[in-house]
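Structure assessment
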Amino acid sequence: MNRPRLAEDLDLLPGVAALALFGVLAAVFLTAGFEGPAGFEAGASVMEGIGYALFDLVDQSSLVTEGFLFAFLAIAVVLDAALDGAILLARREEGGDES
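Under an unreviewed UniProt entry, the chain has the name NADH:ubiquinone oxidoreductase subunit 6 and belongs to Halapricum desulfuricans.

Notes on the UniProt feature "transmembrane region" (unreviewed entry) in the chain
Summarizing the sequence annotation, UniProt attributes the feature "transmembrane region" (unreviewed entry) to residues 12-34 and 68-90 in the numbering used throughout. As annotated, residues 12-34 comprises 83% helix and 0% strand, and the C-alpha atoms at either end are separated by 36 Å. Along residues 68-90 one finds 96% helix and 0% strand; the C-alpha atoms at either end are 33 Å apart.

Some remarks on the environment of Met1
With respect to the secondary-structure elements, Met1 resides in the segment before α1 (13-31). Along the backbone, Met1 and Phe55 are 54 residues apart, and their C-alpha atoms lie at a distance of 70 Å.

Structural notes on unusual backbone geometry
For Asp56, which is not glycine, the phi dihedral falls at a positive 60 degrees. Positionally, Asp56 belongs in the loop between α2 (46-54) and α3 (69-95).

Here's the deal with the packing of aromatic side chains
Given two aromatic rings, one states the distance between the centres and the angle between the planes to describe the pair. One pass over the full model with this rule turns up one aromatic pair. Measuring from centroid to centroid gives 5.1 Å for Phe55 and Phe72, while their planes differ by 75 degrees, and the two rings are edge-to-face. Placement of the pair is Phe55 in the loop between α2 and α3 and Phe72 in helix α3, with a sequence separation of 17 residues. Residue class for Phe72 comes out partly exposed when judged on its relative accessible area of 32%.

Each value, and the rule that gives it
- Residues numbered from 1 in each chain as written.
- Predicted model: local features only at pLDDT ≥ 70, side-chain atom pairs only at ≥ 80, totals over all residues.
- Heavy atoms only, no water.
- UniProt positions renumbered as here; feature names shortened; annotations may be inferred.
- Helix = DSSP H or I, 4+ residues; strand = E, 2+ residues; numbered from the N terminus.
- Phe/Tyr/Trp six-rings, centres within 6.5 Å; stacked < 30°, edge-to-face > 60°.
- Buried < 20%, exposed > 50% of the residue type's maximum accessible area, 1.4 Å probe, protein only.

Spelled out as structure tokens, the structure:
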């Protein structure tokens, strides 16, 4: 019966490098300063702001947002193409031979 044996020809450089990287990252995270959380003004509707940003109507919202109309339309076109492809593949499998 063979037992597992400890490796004797180890290279310590990767382990030392990992410990050094851990020390650097720990120092960065422990000494980093963060600002306080910034909230929305009182009475502002976040959902309304998201809706206005989605349809690129940012001038009608009290919140400062960016417009996402192009991203919304691009995602809609891609999802529509995926749905059409899924329906096309499902029809081919059901009916057998369709040309």
